[in-house]
Amino acid sequence: MCGLVIELDDQEIHSIKPNHDDVFSRGHICPKAIALQDLHNDPDRLRKPVKRIGSNWIEISWDEALEEVATNLFDYQTNYSADAVGYYIGNPTAHNYGNLTHVGYLFAQLKTRNRYSVSTADEAPHRAVHRHMYGHEFIAPVVDLDRTDHWLVLGANPLVSNGSLMTAPGMPRRLKSMRQRGAKLVVIDPRRTETAAVADEFHFIRPGSDAALLLAMLNHLFTQNLINIGRLDSHIEGLDTVAKEILAITPERAARATGISAQSIKRLAEDLVAAKTAAVYGRFGVSTQQFGGICQWAIHLLNLVTGNLDRVGGVLCNLPALDLAAFPSLKGHRDKWRSRVSQVPEVGGELPGSVLAEEILTEGEDQLRCLLTIAGNPVLSNANGRQLEAALEKLDFMASIDFYINETTRFANIILPPTGHLEHDHYDLAFSMLAVRNITKYSEPVFDKPEGTLHDWEILTALATRLANKNGVDVRAALGHARPGGGPMVSAQRMLDFGIQTGPYGKRARHPLALTLNKLKENPHGIDLGPLQPSFPERLQTANKKIHCAPDIFIQDLQRVETELLTRPPTQSLLLIGRRDARTNNSWLHNSYRMVKGKERCFLLMNHTDMLARQLNDGDIVTVISRVGSIKVSAHGTDNLMPGVVSLPHGWGHTRTGIKLGIASNHAGVSINDLTDEKMFDQTTGTSVLNGVPVSVSASG
Ligand SMILES: Nc1nc2c(c(=O)[nH]1)N[C@H]1C(S)=C(S)[C@@H](COP(=O)(O)OP(=O)(O)OC[C@H]3O[C@@H](n4cnc5c(=O)[nH]c(N)nc54)[C@H](O)[C@@H]3O)O[C@H]1N2
Ligand SMILES: Nc1nc2c(c(=O)[nH]1)N[C@H]1C(S)=C(S)[C@@H](COP(=O)(O)OP(=O)(O)OC[C@H]3O[C@@H](n4cnc5c(=O)[nH]c(N)nc54)[C@H](O)[C@@H]3O)O[C@H]1N2
Ligand SMILES: [Mo]
């Protein structure tokens, strides 16, 4: 969402610079933006559909490629069952509005229960909490970053990630201005991160134990009568149940589990009350751990009971120009069906990524035989990548919508490559909704669409159309525009225009701004729609319009906190956590030389004392072993990691045979997800445990 100025020299990219006029990013840029030119020029990027014959790839026509994919999807569903076909959707889908507007047409034709996405390796706990507490997955309070007096951050490193589920370009500037206005930043993390380094206060925490900390903070506020909900007091239910159920989770007990003293836990809670305004925020590190659901639930409760939910300076919902929370069909649900093999519940319409491999590998009726991946690289991003790889190899048919032959798509029979990022327009449908200010912006494509190429949404529509034909369904109806007399096919752009016009600031909604897509085009630096505003109880979508403080699924899960966190002695194993850096974006920017050049970044970080105990020297190659696998990697000592914790970045491991990533292969690294364990996931939200995985480390013989 950073504004960029891209200068062309004829049809070549001359430069990519920050746009100082952008109403939101105001001149901020990060290395990922500069890498766009490498993506655009990358000779490894596919421009035409390819088909795999053995280990060779041949270019085929769009017609042949689309027909073969559609035929296979149709045949497997006809010959076996609807669930014989499955799909996995990856992260860039959320950044590509055409995917979001059109993917539903294809899925409506498939009607499979074998649906997977990166969500359960990421933000599924947030959506679960929004759904259970506020009644809709997209009622997502965001930190009021530029106005808060006190920011408590757990398991996030915004200075590197730019913020997550909290879109805030220019984090260094924003943190500096927090400083200048006297606001306090407190960070809790097993690693003294780049963000922790500029914080006023920092605490190490044992990986996976945040549930104990957060619940004990709540417990302290309840027992000391420090609850002050304020304006929303008459719009909540179930808070007494919470107080009763967490009575035994005292700061003293949480101290043992977390490694943070009882006194500090109490003070962390009291500081939230004492601050004029405060916001508690937890992201990847507290979502993808054994109590991801409980952690996010407790964070929302802490904001609520300190009067900071839906308050200026606390956390507030964004009101975007196209509001996904206005669509009742996106409310979300849980446990409408279960997975075939392990009987785990669906969450938000998807099965946990952790069971994808077993659904393919386990024989039987409704076995998953045919898979479509869209903008995802689960072999590197999901737990136990080696097992998934073995599963993908067993599939009868696989297709991928992607422009790289990478660790995942190399198993595809056919790859359908969409246009590149500079060859289509942009509107950030998902991340505008999570921005720390209400803003809207549309960007025209930099390059014309090359002849003979298709956008993601066109590929999705073409597949949906072919399937509808085969299914004998009225194609117009299937594509959602069965108007009498028919009409032209609805493009992603027209849908966007309609969404904006009918949205909260839209022309058809008779808002004074009268937004239309044209108006956005006239304002290429974006339109500022003002600071976040309180919107509860009006925007709540629970049946009784109340905030549900004690959803059953979280209350029932408290027992697990008791047995697995508070009573059980902490493990003697080292615990593995992740690490992001500014020059990566998950698994797929390593084919850009400027993103990988310089010193090796894929190494194991380890506390000096843990190295000493194993007689390891800085730079030694070590073997890291978990329940599911082992890797060899160099280890480096640090004091910035809690003793007992080791850290590896994710998205590396470009050593697999058959990938066609020239640069990445030469800067391969190892994959942390060859160590993460698919059996470890938080069943309340389906989310994988990617932080806090028990491992052992020893010198490589
Ligand atoms: N440069 C760059 N930016 C990115 C990305 C990228 O790959 N590269 N990825 C983008 C994506 S898809 C996302 S989702 C966001 C993620 O954004 P963030 O959540 O800000 O990113 P992480 O750096 O993964 O932060 C997780 C933090 O949790 C800590 N942690 C690990 N285990 C625990 C624990 O048990 N408890 C606590 N309290 N902390 C723990 C880790 O040490 C780490 O500091 O970043 C986005 N931005
Ligand atoms: N251990 C560990 N695992 C993690 C994480 C971690 O911190 N630690 N982070 C997790 C998180 S937060 C995330 S989001 C995931 C990411 O996991 P995934 O979403 O599964 O994978 P990505 O690495 O984002 O790969 C994206 C793929 O999409 C393709 N692509 C890029 N843009 C487009 C496009 O516009 N259209 C199409 N069709 N394809 C496109 C790329 O070529 C690439 O193949 O990894 C997760 N896994
Ligand atoms: Mo993510």
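Residues numbered from 1 in each chain as written. Chains lettered and ligands numbered in written order. Predicted model: local features only at pLDDT ≥ 70, side-chain atom pairs only at ≥ 80, totals over all residues. Heavy atoms only, no water.

1. Re the site of ligand 1
Going by this rule: Near residues are defined by distance, with any heavy atom within 4 Å of the molecule or strand qualifying the residue. Here a polar contact means two N or O atoms within 3.5 Å. Within protein one must be a hydrogen donor candidate and the other an acceptor candidate, and residues neighboring in sequence count only if both atoms are side-chain atoms. Each helix corresponds to a stretch of at least 4 residues labelled H or I by DSSP, and each strand to a stretch of at least 2 residues labelled E; elements are numbered beginning at the N terminus. Each residue is assigned to one of three groups, with Ala, Val, Leu, Ile, Met, Phe, Trp, Tyr, Cys and Pro labelled nonpolar, Asp, Glu, Lys and Arg labelled charged, and all others, Gly among them, labelled polar.
As a matter of local geometry, ligand 1 sits amid 30 residues, with S161, D189, D210, R580 and T584 nearest to it. N157 is positioned with one of its backbone polar atoms (N or O) 2.9 Å from an oxygen atom of ligand 1. Here T584 contributes a backbone N or O atom positioned 2.6 Å from a nitrogen atom of ligand 1. The set of elements that each furnish at least two residues to the shell around ligand 1 consists of α6 (158-161) and α13 (284-287). Top contributing element to the shell around ligand 1 by residue count: α13, with 3 residues. For the shell around ligand 1, the class distribution of residues is 10 nonpolar, 13 polar and 7 charged.

2. Details of the domain arrangement of the protein chain
For clarity, the cut-off: Marked domain ranges trace back to an automatic or database domain assignment. Contacts were defined at the residue level, with two residues in contact if any of their heavy atoms lie within 4.5 Å. The quantity reported as buried area is the accessible area (1.4 Å probe) lost by two parts once they are put together, taken as the sum for both. For salt bridges, the criterion is a side-chain nitrogen of Lys or Arg within 4 Å of an Asp or Glu carboxyl oxygen.
By domain assignment, the protein chain separates into domain 1 (4-41), domain 2 (50-112 + 369-426 + 438-530), domain 3 (124-321 + 538-556) and domain 4 (571-699). For domain 2 versus domain 4, the distance between C-alpha centres works out to 32 Å. Contact residues are listed per partner, giving 20 residues for domain 2 and 23 residues for domain 4. When the two sides are added together, the surface that domain 2 and domain 4 hide from each other amounts to roughly 1800 Å², 52% of it contributed by carbon and sulfur. Broken down residue by residue, the surface that domain 2 buries against domain 4 is led by L380, A383 and N384, which jointly contribute 31%. The interface formed by domain 2 and domain 4 includes 2 salt bridges. Counting every contact that joins domain 2 to domain 4 gives 12 residue pairs in polar contact (both at pLDDT 80 or more). With 4 residues, the top contributor of residues to the side of domain 2 that touches domain 4 is helix α17 (residues 385-394). Across the side of domain 2 that touches domain 4, the residue classes tally to 7 nonpolar, 9 polar and 4 charged.

3. Describing helix α5 (residues 124-134)
We apply this condition: Throughout this description, buried means an accessible area under 20% of the type-specific maximum (1.4 Å probe, protein chains only), exposed means over 50%, and partly exposed covers the range between.
Taking burial as the measure, the 11 residues of α5 include 10 buried ones, the bulk of the element. Listed as buried for α5 are A124, P125, H126, R127, A128, V129, H130, R131, M133 and Y134. At the C-terminal side of α5, G135 shows a positive phi close to 95°.

4. Let's talk about the site of ligand 2
Note the cut-off: The accessible surface values rely on the Shrake-Rupley method and a 1.4 Å probe; as for residues, cover is taken only from the protein chains in view.
Residues in close proximity to ligand 2 total 30 residues, the closest being Y88, N91, S381, D402 and S587. N377 places a main-chain nitrogen or oxygen 3.0 Å from an oxygen atom of ligand 2. R580 is positioned such that a nitrogen or oxygen atom in its side chain is 3.1 Å from an oxygen atom of ligand 2. Bound to the protein, ligand 2 loses 99% of the 920 Å² it would expose on its own. By residue class, the composition of the shell around ligand 2 is 14 nonpolar, 12 polar and 4 charged. Looking at which domains feed residues into the shell around ligand 2, each of domain 2 (50-112 + 369-426 + 438-530) and domain 4 (571-699) gives three or more.

5. Structural notes on the sheet that holds strand β3 (residues 50-53)
Just so we agree on the cut-off: By definition, two strands form a pair when at least two bridges between them are found by DSSP. Under this scheme, a helix contributes an axis fitted over its contacting stretch, all axes are lines through C-alpha atoms, and angles between N-to-C directions fall in the 0 to 180 degree range.
Read from one edge to the other, the open sheet built from 7 strands follows the order β4-β3-β18-β17-β16-β5-β6, with strand pairing classed as mixed. The open sheet terminates on both sides in strands that have one partner only, identified here as β4 (56-59) and β6 (115-117). For this sheet the average axis-to-axis angle between neighbouring strands, irrespective of direction, equals 20°. Note that strand β5 (residues 85-89) and β6 share 3 bridges and pair parallel. By the bridge assignment for β6, I89 is matched with S117.

6. Here's the deal with the pattern of salt bridges
Counting across every chain of the model gives 40 salt bridges. A salt bridge links D581 to R601; its shortest N-O distance comes to 2.7 Å. Residue D581 is found in the loop between β24 (574-577) and α24 (593-596), and its partner R601 is found in the loop between α24 and β25 (604-607); the two are separated by 20 residues along the sequence. Residue R601 is classed as buried on the basis of its relative accessible area of 15%.

7. Focus on the packing of helix α9 (residues 210-223) against helix α12 (residues 262-274)
Heads up, the condition is: It is the rotation of the near helix from the far one that decides the hand of a crossing: anticlockwise by less than a right angle makes it left-handed, clockwise makes it right-handed.
Two numbers describe how α9 lies on α12: the axes approach to 9 Å, and their chain directions differ by 65°. Note that α9 runs across α12; the crossing there is right-handed. Residue-level contacts link L213, A216, M217, H220 and L221 of α9 to I265, K266, L268, A269, E270, L272 and V273 of α12. When its residues are assigned to classes, the contact of α9 with α12 shows 9 nonpolar, 1 polar and 2 charged.

8. Examining the packing of α9 against helix α23 (residues 552-567)
Worth spelling out the cut-off: Note on terminology: angles under 35 degrees are roughly parallel, angles over 145 are roughly antiparallel, angles of 65 to 115 are roughly perpendicular, and the others are oblique.
It is the contact of α9 with α23, at a shortest axis distance of 10 Å, that shows an interaxial angle of 120°. Between α9 and α23, the crossing angle belongs to the class labelled oblique. At the point where α9 passes α23, the crossing takes the left-handed sense. Every residue of α23 that contacts α9 at A211, A212 and L215 is listed here: L558, V561, L565 and L566.

9. Considerations on the nonpolar core
Going by this rule: Take the buried residues of types Ala, Val, Leu, Ile, Met, Phe, Trp, Tyr and Cys, join any two whose side-chain atoms come within 4.5 Å, and each joined set is a nonpolar core.
Formed by 91 residues in total, the largest nonpolar core has its most connected members in W151, L215, W297 and I547. Dropping the residues within four chain positions of it, L215 is found in contact with I246, I249, I294, W297, A298, L558 and V561.

10. Looking at the environment of G480
Among the structural elements, G480 can be located in the loop between α20 (475-478) and α21 (492-502). C-alpha separation for the pair G480 and Y105, spaced 375 residues apart in sequence, amounts to 8.0 Å.

11. Some remarks on the sheet that holds strand β27 (residues 630-638)
Read once around its circumference, the closed barrel built from 6 strands follows the order β24-β28-β25-β27-β26-β31, with strand pairing classed as mixed. Ignoring which end each strand starts from, the neighbouring axes of this sheet average 45° apart.

12. Looking at the pairing of strand β2 (residues 12-18)
As defined by bridge partners, strand β1 (residues 4-9) adjoins β2 across 6 bridges and the pair is classed as antiparallel. Within β2, the position partnered with L8 by the bridge is I13. Counting the residues that bridge the hairpin from β1 to β2 gives 2 residues, and of these D10 lies at a positive phi of roughly 60°.

13. Things to note about the side chain of E123
Mapped onto the fold, E123 is located in the loop between β6 and α5. Taking the relative accessible area as the measure of exposure, E123 reaches 15% and is therefore buried. If sequence neighbours within four positions are ignored, E123 has contacts with L165 and R283.

14. As for the pairing of strand β14 (residues 334-338)
Bridging between β14 and strand β15 (residues 345-347) involves 2 bridges; their strand directions are antiparallel. Directly across from R334, in β15, lies its bridge partner V347. Between β14 and β15, which follow one another and run antiparallel, lie 6 residues, and Q343 among them has a positive phi close to 55°.

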